[in-house]
Amino acid sequence: MKHKKFDIFVIISFLLVVIAITIKPLQNDTFYYIKIGEDILKNGIDFIDHYSIHNLEYLYPHWLFDIILFKVYDIGGFAGIYIFTIFLFYIFSIILYYGASKFSKNKLISFLLIFISLFTFKSMFSARSQAISTILFLIEWLLIEKYMENKDKKILMYLIMILLLIFYTHMAVWPLFYVFFLPYIAEYIVSKFKIKGINNIVIKTNNNIIDLVKLIPFSLLLGLLTPQKLDSYTYIFKTLQGSTTNFISEHLPIQNFEYPLFLIILFLITFSFLIKNFNYRLRDLFFIAGFTFMTILSKRHLVFLLIAFVLCFGRSLSNYLNYKESEDILNYFNKPLIFVLSIFIVSIISYQNYNKESKYLYNITAPKKVVQYIKKNIDPEDMRLYNQYDVGAYLLFNDIKVFIDSRCDLYTREYNKMDRSIYDDQFLNGFDYEELMDYYDITHVLLLNSKDITHVIKKDSNYKQIFQDENYVLFKRLNTN
């Protein structure tokens, strides 16, 4: 196989880099994924939340991923979760390399663009359902591209399977499945105006998109094959109506210098239009422009902009440079010395970026000492605990019912049709906290040492401090309803 040694070099290089840069400490969501996966295997999907003090309904929006993650944890513990995250990140990088090579027909350019991008991708890959859905969306895009080339009918079935898996593993993002159809549809419509191209833009007619459009009505019925039935369609719209999008980091607009690669991408795309014969396919520009706009609105979409940059910009760059110009460079990898030297250089880069953090838990979000104290000294059945957002997932992971956890949408009015928003109440705005404690019949309060409200409650005679460590204070409320 031509350039087989270069492919081996890519496979080894990406593995070294992914192992080096994958973040080891677990995120909040991972804890509740594990616990809910365990609960599903024991009790099935009963649409009841078993882990908060509020007796809420719960839709299990990523039930299949919950089960998978629990099984990984059951076999390998936190180390198993870490290895599983590396595996997902690595599979993503290899699929992206395969796709970029098909788009651009240039393995060297594909490797270089992905290698650079991996260091930004690392903040987006953790043991969360987003990792699975990102891989599924990437596969979807590559399947659509392949169908546009050869109209293989089997691909339509594969796309149906992709959407069904998205419903099962990350229900909140299913509408994004149809976003990947839009650039092809838009290009087809523009092509019907007999416009062949404008400056650096190439416009081609491809009637294969008609079959994909016919797939849409049928695919929309797939939500009925989920345990949630009609609720699978409305879930995302309920979550977007709440106030959580104003506070959760990944939902916020991207900041100018937060991800330097974002600015570099915008600069390269803009600058490339000044270069003669540097051409883009119209649908590629639609992808880049669309995901740029989505990223500006919410940084969670940056991963798709990076993918678009690798695939679409890579294709245009390869066409501009001419594929044959990199053939000679690739042939050097057939020489053992060059091959070994290249692996050595990648190893040095990987080592320099290796995350030497040995812990799987952040002390600030995984209060182990607090949990140990509660389990030893307090009957969970006699406790109605007030806690704040970041710490909740670890508490419920340890069978302590919570006031709130990082399933933020669960605690909004829109999701559970409550009189008030539990999510908003967690902030204890001002110091009029007693009314809130009465309303929820709170018996114990867990707060960060650093909070102003903590120092206020320490002076309140109705609250007895029963535990304190370097991060947290636990209070018992003496007079309750």
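Everything below is about the structure printed above this text.
The following refers to the structure shown. Since we're looking at a predicted model, the values are computed, not measured.

Some details on the packing of helix H2 (residues 28-43) against helix H3 (residues 63-104)
Look at H2 against H3: their axes get within 7 Å of each other, and the N-to-C directions meet at 115°. For the element pair H2 / H3, the angle class is roughly perpendicular. Handedness of the H2/H3 crossing: left-handed. For the pair formed by H2 and H3, the contact residues are Thr 30, Phe 31, Tyr 33, Ile 34, Ile 36, Gly 37, Glu 38, Ile 40 and Leu 41 on the first element and Trp 63, Phe 65, Asp 66, Ile 67, Leu 69, Phe 70, Lys 71, Tyr 73, Phe 78 and Ile 81 on the second. Looking at the contact of H2 with H3 residue by residue, the classes come out as 14 nonpolar, two polar and three charged.

Structural notes on the environment of Phe 293
Its location among the elements puts Phe 293 in helix H12 (residues 282-297). Residue classification places Phe 293 among the exposed residues on the basis of a relative accessible area of 52%. In sequence terms Phe 293 and Leu 305 are 12 residues apart; their C-alpha atoms lie 9.3 Å from each other.

Focus on the nonpolar core
If you look at the biggest cluster of nonpolar residues, it comprises 170 residues, and the most contacted ones within it are Trp 141 and Ile 307. The greatest single-element share of this core, amounting to 19 residues, is contributed by H3. Once residues lying within four places of it in the same chain are set aside, the contact partners of Trp 141 are Phe 103, Phe 180, Tyr 184, Phe 287, Phe 291, Ile 307, Ala 308, Leu 311 and Cys 312.

As for unusual backbone geometry
A positive phi angle, near 55°, is found at Tyr 60, a position not held by glycine. Of note, Tyr 60 is situated in the loop between H2 and H3. Positive phi, normally seen in glycine, also occurs at Lys 151, with a value near 55°. Tracing the backbone through its elements, the reader meets Lys 151 in the loop between helix H5 (129-150) and helix H6 (154-169).

What about the sheet that holds strand E5 (residues 444-448)?
One open sheet holds the four strands; their spatial order is E4-E5-E7-E6, and the pairing between them is mixed. Unpaired on one side and paired on the other, strand E4 (385-386) and strand E6 (463-468) mark the two borders of the sheet. In terms of strand pairing, E6 meets strand E7 (residues 472-477) through five bridges, oriented antiparallel. Bridge assignment links Lys 464 to a residue of E7, and that residue is Lys 476. Helix-sheet contacts for helix H16 (residues 368-377) involve E5, E6 and E7, and the interaxial angle to E6 is about 115°.

A word on the packing of helix H8 (residues 182-191) against helix H9 (residues 209-219)
As a packed pair, H8 and H9 sit with axes 10 Å apart at the nearest point and diverge in direction by 130°. For the element pair H8 / H9, the angle class is oblique. Handedness of the crossing formed by H8 with H9: left-handed. Here H8 contributes Tyr 184, Ile 185 and Tyr 188 to the contact with H9, which in turn contributes Ile 209, Ile 210 and Val 213. Class assignment for the residues of the contact of H8 with H9 results in six nonpolar, no polar and no charged.

Notes on H9
Buried within H9 we find Ile 209, Asp 211, Leu 212, Leu 215 and Ser 219. Along H9, the residues classed as buried sweep out an arc of 150° about the axis, all on the same side. Projecting away from the buried face of H9 at angles above 90 degrees are the exposed residues Lys 214 and Pro 217. Looking at the buried side of H9, the elements it contacts are H5, H6, helix H7 (176-179) and H8.

Here we look at the pairing of E7
For E7, the buried fraction is high: five of the six residues fall into the buried class. Looking at chain direction, E5 and E7 are connected through five bridges and run antiparallel. Paired with His 444 across the bridge in E7 is Lys 476. From the end of E6 to the start of E7, which pair antiparallel, there are three residues.

Quick word on a nonpolar patch on the surface
Together, Phe 218, Leu 221, Leu 224 and Leu 230 make up a nonpolar patch on the protein surface, roughly 410 Å² of accessible area in all. Relative to the elements of secondary structure, Phe 218 occurs in helix H9. Take Phe 218: its relative accessible area is 49%, and that puts it in the partly exposed class.

Examining the side chain of Asn 387
Within the element layout of this structure, Asn 387 appears in the loop between E4 and helix H17 (389-397). Polar contacts involving the side chain of Asn 387 include one to the main-chain amide nitrogen of Phe 403, which spans 2.8 Å. One polar contact links the side chain of Asn 387 to the main-chain carbonyl oxygen of Ile 404, over a distance of 2.8 Å. Non-local contacts of Asn 387, meaning those with residues more than four positions away in its chain, are made with Gly 392, Leu 395, Val 402, Phe 403, Ile 404 and Leu 446.

What about the side chain of Thr 295?
Relative to the helices and strands, Thr 295 is located in helix H12. Among the polar contacts made by the side chain of Thr 295, one reaches the main-chain carbonyl oxygen of Phe 291 at a distance of 2.6 Å. Looking at Thr 295, its side chain comes within polar contact range of the main-chain oxygen of His 301, at 3.4 Å.

Some thoughts on the environment of Lys 122
Looking at the element boundaries, Lys 122 is found in the loop between helix H4 (107-121) and H5. Put simply, Lys 122 and Phe 293 are 171 residues apart on the chain and 22 Å apart in space, counted from C-alpha to C-alpha. With near-sequence residues (within four places) excluded, Lys 122 lies in contact with Ile 21, Ile 23 and Phe 89.

Remarks on the packing of aromatic side chains
Under the defined criterion, the tally for this structure stands at 54 aromatic pairs. Plain terms: the ring middles of Trp 174 and Tyr 233 are 5.8 Å apart, the flat faces sit at 90° to each other, and that makes the pair edge-to-face. Of the two residues, Trp 174 is situated in the loop between H6 and H7 and Tyr 233 in helix H10 (residues 231-241); the sequence distance between them amounts to 59 residues. On the basis of relative accessibility, which here comes to 8%, the residue Trp 174 falls in the buried class. Both rings, one in Phe 309 and one in Phe 313, keep their centres 4.9 Å apart while their planes meet at 15°; by these two values the pair is stacked. On the criterion of helical spacing, the pair formed by Phe 309 and Phe 313 is a turn pair, its members being four residues apart in helix H13 (residues 302-321). Joined through ring pairs, the aromatic side chains of Phe 103, Phe 137, Trp 141, Phe 180, Tyr 184, Phe 287, Phe 291 and Phe 304 make up one cluster. Above the face of the Tyr 32 ring, Arg 407 is positioned so that its terminal group lies 6.0 Å from the ring centre. Sitting over the face of the ring of Tyr 58, Arg 407 holds its NZ or CZ atom 4.9 Å from the ring centroid.

What counts and what doesn't
- Residues numbered from 1 in each chain as written.
- Predicted model: local features only at pLDDT ≥ 70, side-chain atom pairs only at ≥ 80, totals over all residues.
- Heavy atoms only, no water.
- Axes fitted to C-alpha atoms, helices over the stretch in contact; angles between N-to-C directions.
- Helix = DSSP H or I, 4+ residues; strand = E, 2+ residues; numbered from the N terminus.
- Parallel < 35°, antiparallel > 145°, perpendicular 65-115°, else oblique.
- Left-handed = near helix turned anticlockwise from the far one by under 90°.
- Contact = heavy atoms within 4.5 Å.
- Nonpolar A, V, L, I, M, F, W, Y, C, P; charged D, E, K, R; others polar.
- Buried < 20%, exposed > 50% of the residue type's maximum accessible area, 1.4 Å probe, protein only.
- Core = buried A, V, L, I, M, F, W, Y, C linked by side-chain atoms within 4.5 Å.
- Pairing = 2+ DSSP bridges.
- Arc of directions from axis to C-beta.
- Patch = residues over 30% accessible without salt bridge, like charges linked within 9 Å, V, L, I, M, F, W, Y side chains within 5 Å.
- Areas by Shrake-Rupley, 256 points an atom, 1.4 Å probe, with all protein chains shown as cover.
- Salt bridge = Lys/Arg side-chain N within 4 Å of Asp/Glu carboxyl O.
- Polar contact = N/O pair within 3.5 Å; in protein donor to acceptor, adjacent residues only side chain to side chain.
- Phe/Tyr/Trp six-rings, centres within 6.5 Å; stacked < 30°, edge-to-face > 60°.
- Lys NZ or Arg CZ within 6 Å of the ring centre and 35° of its normal.

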